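So you can see what is in the structure, the chains are spelled out below.
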Amino acid sequence: MKLRTLFIGLAAATFSAIAMAQAPVVIKFSHVVAADTPKGKASEFFAKRAGELTKGKAKVEVYANSALYKDKEEMEALQLGAVQMLAPSLAKFGPLGVKEFEVFDFPYIFDDTNELHRITQGPVGAAMLAKLEPKGIKGLAFWDNGFKSFSANTPIKAPGDLKGKKLRIQSSKVLEEQIRALGALPQVMAFSEVYQALQTGVVDGTENPISNLYTQKMHEVQKHLSLTDHGYLGYAVIVNKKFWDGLPADVRGQLEQAMKEATKYANDIAKEENDKALDGVRKSGKTAVYVPTKEERLAFKKALAPVHQKMADRVGKDLLQSIYKETGFDPNKL
Ligand code: LMR
């Protein structure tokens, strides 16, 4: 009888050891935007390919729309290992102590995504991702969203139109300076709180790529949107380094392949998603969409140019110069 009990016990232990060995590695991927955005779609794409390529050995669970954590908390959760993967906007790495990422916030530094990709897909981008490692974070890729436009309840044709307005921004000192250059008042706020802040008048306006504006229904609480395209918003896909380094080598390799494919997908769909969102905004009839003229665009460029010099030290002059070299942008020659 005793022997039988022992045998059953041993069998149960063996069975649970096998089950554990076969249990998939779970990767919680948390983000703050809607599922129906470039980042939302790319994270789902990654989850699907990760499952396929690892043959079920890894299971990626995507939590959209700040369902698990808001902006600031998600960074802490990643470092603590409560989630394994995030894709925060590049404008949100300052509080972590990696100020260099705010170079992407410099107004008009990139004319288009071709210029941008020379940085994000090249050695400068790779060196930037490496700066995350001392923070216990590994940077896997850059994903695009798009170029930001200003919205408010009054028309925005000239930089002076935003004077005195309270404008919500992400947690970036470069963005703060950008708003000040317009004579407006920067208000740092988590993305999940923006709709309500606009609705209740806590802030007067904001900036975002149209895909974010539309999927959060911000256009329903903003009367004017001006297609200023004055700055870029994109993401770094990041993982907890200890977790990543601890994965079996074969699984990590397959996940790297899934990330490569997801990155291509993200960057392929980003422009189209933003174009579709703009169509949606126009069709809604809830906000007036203004397209600045060439002269008006130049006026915004000139008004925001001093931000480059003022914030050069924050991101590092060498880094800034290496980007100017790739893109040909010169804030002194406008
Ligand atoms: C924002 O806070 O405006 C954006 O960073 C949201 C996002 O992740 O695109």
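Heads up: the structure comes first, above all this text.
Residues numbered from 1 in each chain as written. Predicted model: local features only at pLDDT ≥ 70, side-chain atom pairs only at ≥ 80, totals over all residues. Heavy atoms only, no water.

Draft legend 1. Quick peek at the overall build of the chain. Scanning the chain from terminus to terminus reveals 13 helices and nine strands. Rg of the C-alpha trace for the chain: 22 Å, near the compact-globule value of 20 Å for 334 residues, within the 12% margin. By the burial criterion, 50% of the 334 residues in the chain qualify as buried. Restricting the contact set of the chain to residue pairs at least 6 apart, pairs at least 24 apart contribute 76%. Of the charged side chains in the chain, 47 are positive and 39 negative; the average position of the first set lies 3 Å away from that of the second. (Helix = DSSP H or I, 4+ residues; strand = E, 2+ residues; numbered from the N terminus. Rg over C-alpha atoms; globule rule 2.2 N^0.38 Å. Buried < 20%, exposed > 50% of the residue type's maximum accessible area, 1.4 Å probe, protein only. Contact = heavy atoms within 4.5 Å. Lys, Arg positive; Asp, Glu negative; His and termini not counted. Charge placed at Lys NZ, Arg CZ, Asp CG, Glu CD.)

Draft legend 2. Up close: the site of the ligand. Residues in close proximity to the ligand include Val32, Val33, Lys39, Ser89, Lys92, Arg168, Gln170, Phe191, Asn208, Asn212, Leu233 and Tyr235, which together make up its full environment. Between an oxygen atom of the ligand and a side-chain N or O atom of arginine 168, the distance comes to 2.8 Å. Note that an oxygen atom of the ligand is positioned 3.1 Å from one of the side-chain N or O atoms of asparagine 208. Burial of the ligand by the protein amounts to 100% of the accessible area it has alone, namely 270 Å². Partitioned by chemical class, the residues of the shell around the ligand number five nonpolar, four polar and three charged. (Near = heavy atom within 4 Å. Polar contact = N/O pair within 3.5 Å; in protein donor to acceptor, adjacent residues only side chain to side chain. Areas by Shrake-Rupley, 256 points an atom, 1.4 Å probe, with all protein chains shown as cover. Nonpolar A, V, L, I, M, F, W, Y, C, P; charged D, E, K, R; others polar.)

Draft legend 3. A look at helix 10 (residues 249-284). With 36 residues, helix 10 should reach 52 Å at 1.5 Å per residue; the first-to-last C-alpha distance of 49 Å fits that figure. Two residues or fewer after helix 10 comes glycine 285, characterised by a positive phi angle close to 65°. (Expected span 1.5 Å × (residues − 1).)

Draft legend 4. Fine view of helix 6 (residues 173-181). For helix 6, every residue scored as buried is listed here: Val174, Leu175, Glu176, Glu177, Gln178 and Ile179. Measuring from the backbone nitrogen of valine 174 back to the side-chain oxygen at the start of helix 6 gives 3.2 Å, which picks out serine 172 as the cap. Glycine 183 sits one or two positions beyond helix 6 and adopts a positive phi of about 75°.

Draft legend 5. View of the packing of helix 2 (residues 38-53) against helix 10. Their axes nearest at 8 Å, the elements helix 2 and helix 10 cross at an angle of 155°. The angle between helix 2 and helix 10 falls in the class roughly antiparallel. As helix 2 runs across helix 10, the sense of the crossing is right-handed. Of the residues in the contact of helix 2 with helix 10, the class split is 14 nonpolar, three polar and five charged. (Axes fitted to C-alpha atoms, helices over the stretch in contact; angles between N-to-C directions. Parallel < 35°, antiparallel > 145°, perpendicular 65-115°, else oblique. Left-handed = near helix turned anticlockwise from the far one by under 90°.)

Draft legend 6. Region of the structure containing the side chain of serine 151. Following the sequence through the fold, serine 151 ends up in strand 4 (residues 137-152). The exposure class assigned to serine 151 is buried, which follows from its relative accessible area of 1%. A polar atom in the side chain of serine 151 sits 2.7 Å from the side chain of glutamine 222.

Draft legend 7. Layout of the nonpolar core. Membership of the largest hydrophobic core comes to 51 residues, with the highest contact counts inside it found for Phe93, Phe101, Val103, Phe104, Phe110, Leu132 and Ile238. When sequence neighbours within four positions are dropped, the list of residues in contact with phenylalanine 101 reads Leu90, Phe93, Met128, Leu129, Leu132 and Ala236. Core analysis: the next-biggest nonpolar cluster, separate from the first, contains 43 residues, Ile210, Leu227, Leu233 and Ala258 among them. (Core = buried A, V, L, I, M, F, W, Y, C linked by side-chain atoms within 4.5 Å.)

Draft legend 8. Focus on the pairing of strand 8 (residues 224-240). Of all 17 residues in strand 8, 15 are buried, a share of seventy percent or more. Two elements, strand 3 (residues 85-86) and strand 8, share two bridges in a ladder whose sense is antiparallel. Each residue of the ladder has a partner; that of methionine 85, found in strand 8, is valine 239. Relative to strand 8, strand 4 runs antiparallel, the two sharing 13 bridges. If you follow lysine 148 over to strand 8, its bridge partner there is glycine 231. Note that strand 8 and strand 9 (residues 288-290) share three bridges and pair parallel. Note that in strand 9 the partner of leucine 225 across the bridge is valine 289. (Pairing = 2+ DSSP bridges.)

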